[in-house]
Every structure is written in structure tokens, then in C-alpha cells.
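Results of the structural survey
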Amino acid sequence: MADLMGDHVAPKSAEAGDFYDEYGDTLREECGVFGIYGHPDAAAITALGLHALQHRGQEAAGITTYDGRRFHSERRLGLVSDAFSDGEAIKRLPGHIAVGHVRYSTTGETILRNVQPLFAELDGGGFAIAHNGNLTNGLTLRRQLIRDGAICQSTSDTEVMLHLVARSKRPRFTERFIDALRSLEGAYAFVGLTNKKLVGARDPLGIRPLVLGELDGHPILTSETCALDIIGARHVRDIEPGEVIVFSSDKVETLRPFGTVAPRPCIFEYIYFARPDSVVGGHSVYQVRKTMGMQLAAEAPADADLVVPVPDSGVPAAIGYSQASGLPYELGIIRNHYVGRTFIQPTQSVRDQGVRMKHSANRAVVEGKRIVLIDDSLVRGTTSVKIVRMMREAGAREVHFRISSPPITHPDYYGIDTPDRDKLLAATHDLEGMRRYIGADSLAFLSIDGIYKSMGYEGRDPLRPQFTDHCFTGEYPTLLSDREGEVAPRQLSLLAEAS
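Residues numbered from 1 in each chain as written. Predicted model: local features only at pLDDT ≥ 70, side-chain atom pairs only at ≥ 80, totals over all residues. Heavy atoms only, no water.

**Structural notes on the overall build of the protein**
What counts is decided by this rule: Put simply, DSSP H or I for four residues or longer makes a helix, DSSP E for two residues or longer makes a strand, and each gets a number counted from the N terminus. Partly exposed describes any residue whose relative accessible area lies between the buried limit of under 20% and the exposed limit of over 50%, with all areas from a 1.4 Å probe on protein chains only and scaled to the type maximum. Note on contacts: a residue pair is in contact if any heavy atoms of the two residues lie within 4.5 Å.
Helix and strand content of the protein: 19 helices and 23 strands. Counting only residues that meet the buried cut, the protein has 59% of its 499 residues in that class. Long-range contacts, defined as pairs at least 24 residues apart, comprise 71% of the intrachain contacts of the protein with a sequence gap of at least 6.

**Structural notes on the pairing of strand E14 (residues 252-255)**
Consecutive residues of a regular strand have side chains that alternate between opposite faces of the sheet. Rules: Only strands that DSSP links by at least two bridges are regarded as paired with each other.
Bridging between strand E13 (residues 244-247) and E14 involves four bridges; their strand directions are antiparallel. Across the sheet, residue Val244 finds its bridge partner in E14, namely Leu255. Count of turn residues in the E13/E14 antiparallel hairpin: four residues.

**Details of the sheet that holds strand E2 (residues 31-37)**
In plain terms, the rule: Axis definition: a line fitted to C-alpha atoms, over the contacting stretch in the case of helices. Angles run 0 to 180 degrees between N-to-C directions.
In spatial order, the strands read E4-E3-E5-E2-E11-E10-E12; together these seven strands make up an open sheet with antiparallel pairing. The outermost strands of the open sheet, each flanked by one partner alone, are strand E4 (71-77) and strand E12 (234-238). Neighbour to neighbour, the strand axes of the sheet diverge by 15° on average, direction disregarded. Of the strand pairs in this sheet, strand E3 (residues 60-66) and strand E5 (residues 97-103) are connected by seven bridges, and their pairing is antiparallel. Looking at E5, one finds that Ala60 is bridged to Arg103. Of the strands in this sheet, E2, E3, E5 and strand E10 (211-215) touch helix H1 (residues 42-52), which is tilted by about 25° from E5.

**Thoughts on the sheet that holds E13**
Strand order across the open sheet formed by six strands is E6-E7-E8-E9-E13-E14, with antiparallel pairing between neighbours. Strands with a single pairing partner mark the edges of an open sheet, and in this sheet they are strand E6 (118-122) and E14. On average, each strand axis in the sheet is tilted by 20° relative to the strand beside it, whichever way the strands run. Strands E6, strand E7 (125-135) and strand E8 (186-193) of the sheet are contacted by helix H5 (residues 158-167), whose axis makes an angle of about 15° with E6.

**Thoughts on the packing of H5 against helix H6 (residues 173-181)**
The following threshold applies: For classification purposes, angles smaller than 35 degrees are called roughly parallel, those larger than 145 roughly antiparallel, those between 65 and 115 roughly perpendicular, and all remaining angles oblique. Here a crossing is taken to be left-handed if its near helix is turned anticlockwise relative to the far helix by less than a right angle, and right-handed if that turn runs clockwise. Gly is put with the polar residues, along with every residue not named as nonpolar or charged; the nonpolar set is Ala, Val, Leu, Ile, Met, Phe, Trp, Tyr, Cys and Pro, and the charged set is Asp, Glu, Lys and Arg.
Contact geometry of H5 with H6 gives a least axis separation of 8 Å together with a crossing angle of 125°. As summarised for this structure, H5 and H6 are arranged oblique, according to the angle between their axes. In the crossing of H5 with H6, the sense of the turn from one axis to the other is right-handed. For the pair H5 and H6, the contacting residues are Met161, Leu164, Val165 and Ala166 in the first and Phe173, Arg176, Phe177, Ala180 and Leu181 in the second. Its residues assigned to classes, the contact of H5 with H6 comprises eight nonpolar, no polar and one charged.

**Section: helix H9 (residues 285-299)**
The following threshold applies: Residue count minus one, scaled by 1.5 Å, sets the expected span of a helix.
Its 15 residues place the ends of H9 21 Å apart at the C-alpha level, agreeing with the 21 Å of an ideal helix rising 1.5 Å per residue. Within H9 the residues assigned to the buried category are Val285, Val288, Arg289, Lys290, Met292, Gly293, Gln295, Leu296 and Ala297.

**A short note on the nonpolar core**
Where we set the bar: Grouping buried Ala, Val, Leu, Ile, Met, Phe, Trp, Tyr and Cys residues that are joined through side-chain atoms within 4.5 Å yields what is termed a nonpolar core.
One finds Ile267, Phe268, Tyr270, Met292, Tyr321, Val372 and Ile374 to be the most contacted residues of the largest nonpolar core, which totals 41 residues. If you tally residues by element for this core, the top one is H9, at five residues. When neighbours within four sequence positions are excluded, Val372 is seen to be in contact with Ala302, Ala304, Leu306, Val307, Val308, Tyr321, Leu327, His400 and Arg402.

**Some thoughts on the environment of Pro276**
With respect to the helices and strands, Pro276 occurs in the loop between helix H8 (268-273) and strand E15 (279-280). For the pair Pro276 and Val315, spaced 39 residues apart in the sequence, the C-alpha separation amounts to 10.0 Å. Residue contacts for Pro276: discarding those within four places in its chain leaves Val285, Tyr286 and Arg289.

**Looking at the environment of Ala317**
Along the chain, Ala317 turns up in helix H10 (residues 315-325). Judged by relative accessible area, which is 4%, Ala317 ranks as buried. Note: C-alpha distance between Ala317 and Ile403 (86 residues apart in sequence) is 8.9 Å. Beyond its immediate sequence surroundings of up to four residues, Ala317 is in contact with Arg289, Lys290, Gly293, Ile374 and Ser404.

**Regarding the confidence of the model for the protein**
Low pLDDT marks regions whose predicted coordinates should not be analysed in detail. What counts here: Scored between 0 and 100, pLDDT is the confidence that the predictor attaches to each residue.
When pLDDT is averaged across the protein, the result is 89; 86% of the residues are at 70 or more. Predicted confidence is poor over residues 341-346, with pLDDT under 50, and the contacts of this stretch with residues over four places away or in other chains come to twelve contacts.

**A look at the pattern of salt bridges**
The criterion, for reference: Take a side-chain nitrogen of Lys or Arg and a carboxyl oxygen of Asp or Glu: if they are within 4 Å of each other, that pair is a salt bridge.
Here the structure, examined in full by the defined rule, presents 25 salt bridges. Taking the shortest distance from any N to any O, the salt bridge between Glu269 and Arg208 comes out at 3.2 Å. One end of the pair, Glu269, is in helix H8; the other, Arg208, is in the loop between strand E9 (198-202) and E10, with 61 residues separating them in the sequence. Residue Arg208 is classed as buried on the basis of its relative accessible area, which comes to 0%. For Asp469, the salt bridge goes to Arg460, with nearest N and O atoms at 2.5 Å. One network of salt bridges, with partners in common, ties together Arg56, Arg208, Glu224 and Glu269.

**Describing the packing of aromatic side chains**
How two aromatic rings sit relative to each other is given by the distance of their centres and the angle of their planes. Going by this rule: In this analysis, rings of Phe, Tyr and Trp, with Trp reduced to its six-membered ring, are considered paired at centre separations within 6.5 Å, and the interplanar angle assigns stacked below 30 degrees, edge-to-face beyond 60, and tilted for intermediate values.
What the rule picks out here adds up to 14 aromatic pairs. With a centroid separation of 4.6 Å and an interplanar angle of 45°, the aromatic rings of Tyr66 and Phe71 are classed as tilted. Judged by relative accessible area, which is 22%, Phe71 ranks as partly exposed. With a centroid separation of 6.5 Å and 45° between ring planes, the pair formed by Tyr414 and Tyr476 is classed as tilted. With Tyr414 in the loop between strand E21 (398-403) and strand E22 (416-417) and Tyr476 in the loop between helix H18 (470-473) and helix H19 (481-484), the pair connects residues that are 62 residues apart, well separated along the chain. For Tyr476, a relative accessible area of 22% puts it in the partly exposed group. Cluster of aromatic residues (ring-pair linked, three or more members): Phe268, Tyr272, Phe273 and Phe472.

**Here's the deal with the environment of Gly206**
With respect to the helices and strands, Gly206 occurs in the loop between E9 and E10. Given a relative accessible area of 1%, Gly206 falls into the buried group. Considered as a pair, Gly206 and Ile239 are 33 residues apart in the sequence and their alpha carbons are 8.7 Å apart. Residue contacts for Gly206: discarding those within four places in its chain leaves Pro241, Arg264, Pro265 and Cys266.

Pasting the structure below:
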């Protein structure tokens, strides 16, 4: 789910535990979704599921329920624990069907009218929808709808889906929902509810994840398996690319309106976004990241004394690198889990201390040592400069930086917050230039084929790539109508809300 006000602006605030946010030097995904059908404690279970998905979005959270007579909605800015930790909030959400959403906005203000699930009253009754991903023709569709008389209340591309469903002439809701999907391009995982149904859909390439679970006989749709684990639910299967699934009181409909297309799930779910304890596409995320570290050790060995992860993103890969190289694994950087928002930043010198507030060097470990520093990605490089400097100030004799993914050379348009291309370090510098910029003694990345080998393939199939990997290759798997039509630069209207 994206705001339609221009793309790829650096985040404006730092959340607890996020290492790079102040500097816009990270990859951030937008959202996580959760839905459950037929359970008497639907809202409470959804809140727990959203808590497990908090890593996918920390700016806002929302839940919508249906109790057999009316819909109920609670949408709040902030963390899930801020919005739904007290029993009163759950009491205000009665019902046996629920959908929930955690949000990170790519650009623009995080305001209440953009917080999902979004709700609309349609011809057949109410409809609430939550979305993970980004529609690459969302702005184009929005302008067409407005020209035809639609009134938009948010700046989210998700609202387009509400209008498309409302305008479909098909007789049944499921047919109207599918009719709306046919107009979309880009990446999406939708979970929605009506007064009778819970519906889910995944884009035809399967770029964004969606899984099916079961708790006490009640179906669940969610972004990751970790949301099932927290409530003791059983993982049934992944929703297939292009699949639409509909739950009602008397049946389950599984539809595949887009035919069979070779799937291309997002490789960054494995590298960065998914929680390590999740299983995505049948692969343990933790094990994949360890394997990437092992592959990196084979491709880019270093003459060093120990391996140090950048916490927490580099930990699994660092374990794999250590095991494959035989170098000892040590915690040379200690993370402060209680720093919270860094909101007092009056001067640049104080802002520069943000890294030290969240992470500090373990001098006793790194002093006098040649270290291999492991992280999972390199975006702008500004934070890597600070990490390397921190290690040297703690007495490290040599710092060899190793990245367990290929160089990021192109921006994303499918739900990942990345800078424009001229802000990506790997797009503007060669390897030696990047090494000099961050101040490391050596720098190396995992190769493209190395990523695919870590996933169990012999390498990348250039004719039919197995994953969506455009950030490394520049090969975008779908149309980019908003970009190609040059409609993005136009600014949408803004309405300030008091909250």
C-alpha cells in the first residue's frame, strides 16, 4: 500500500530498534495484513497477529470487524501495542470476522485517513480492505476515476480498489472483486471482508506474500507464518500467485482468474523483510540467510580474525559466513533495544550520535582485531560510513565489509521504500568507489547467481528469472504505467488532520 504523492522520499522518523531510519539508509517495506473468519475472538487474535507483523510497518495499525449486524473499526497511528494493548479497544471491535493492517508509508504524511483497513459502503453492503504492496498504475487509475466523478478520501493506492469494486457491473461480490483486480498492475496481497465473506488475493507473479492458516477450524490469511505462530495456528499453505480465495459460512471458493504465470516472488522477502522465523514459499527465512552468508564466504573470503554482524539485520548471514570460513563469530556491535524514537535532534552533531544511541562498539571484542563486518544490504551507504568509523574508533585494526546481497542499483516500485537511483551508492560508484566512500579496507557483495544458489537453484535464469530482483538487475517484471505515463510528478491535494 503506497501513498500517491511522489516516490522514494527518505523516512522522517526513527522507530525503536531501526538502525538506519534517521539517515534514509535502509530498505523499508510498507505493510502487513491479517484476516480471520468465523472466530468469536476475531479482533483479539488479529491484534496478536499484527503484533507479530510489526516489523513490516510501524507507523500505524488498524482493525475492522463485523458482528453480524454492523462493522466496527479502530485505526490508530503508532505501534500495535499502542493501539490495541488495552482490553477496551478490543471490546469496541466485536464480531467473528476481522481484517487488520500494519502500515509503513513510502512517502508523504502518515495521517489517519490513510490508515487501513479502508472501508466503503457498496451496493451490496460494507467492504473493508487491507493491502500489502504497491500498484504501479495506482495513480493513473486514480486520475481516471476522479475524472469520471469519483471522490477520493485518502492518498493511498488501496482506495482505488474500493472504487473499482464499487463500479463493477458484475452481479456477485466475488465477480466484482476479480473484475477490479483485472485493472491492476504491480504487486499486491489483499485481505478484505464483507458482511458475509473473508476474501484474499495475491498478484499474478506472487511478488508480495500471503499465506493461509487455520486456528480451531477457522481460516486465517496473513503476510507471514510468524503471525500464525504467535497465536498457535497451523500453517496450511501459501496462497498461490494469482489466486483469489473467498471464505463464507457454507463454502470456500478458490479461483485463479489470471491463468498460469511463472511466479516471481520478491527476493527481498528472503534477504531483508520477512522475520527470520517465518517460512516463505516453503523456505525457512533464517536458513536462507545463513546460506547466503555461507555463499558469501565462498565468493568473498577475507584474511581476518573474526566475523561481526551488524545487528540485527546481518546476524543470520554472519553466522553462515563464520561457519563456512571457520572464523569465530563475535558480537562486536551491541544493540540497545530500549532506545525508542530519537526525537531530540537539534544539531547535526547530535543527530550523528543516533547510531551510538542504538548500537555501540564492543571494544573488548574488536580492539586490535581484523574484522569481517556482515550486513544484508547497502543502500545509500551513509550509515555504513558511521559503522566503519565506530569500529575503527573502538580499535579494530582492519574492517572488511561484506554484504549478503548484490549491489542495489535500481529503485523499487512494488512496495519497498528505496531512494531514487541517483541516491543509491551502487548506482553512482564502482566497487572501489564504494569502498573508499564507506572507509573499509575491503568491500564485497554476494553475486546475483550467489543469491539464486542460496535459494537452491544453479543460478539465475536470464530468460525466466525465478524471483523479482529488479533492484539488482533493473529488470522490472510488470508494466510501470505511473512512471511510463509521466503522471507521478503532479502533486495530490493534502488535507491536514488533527490527531
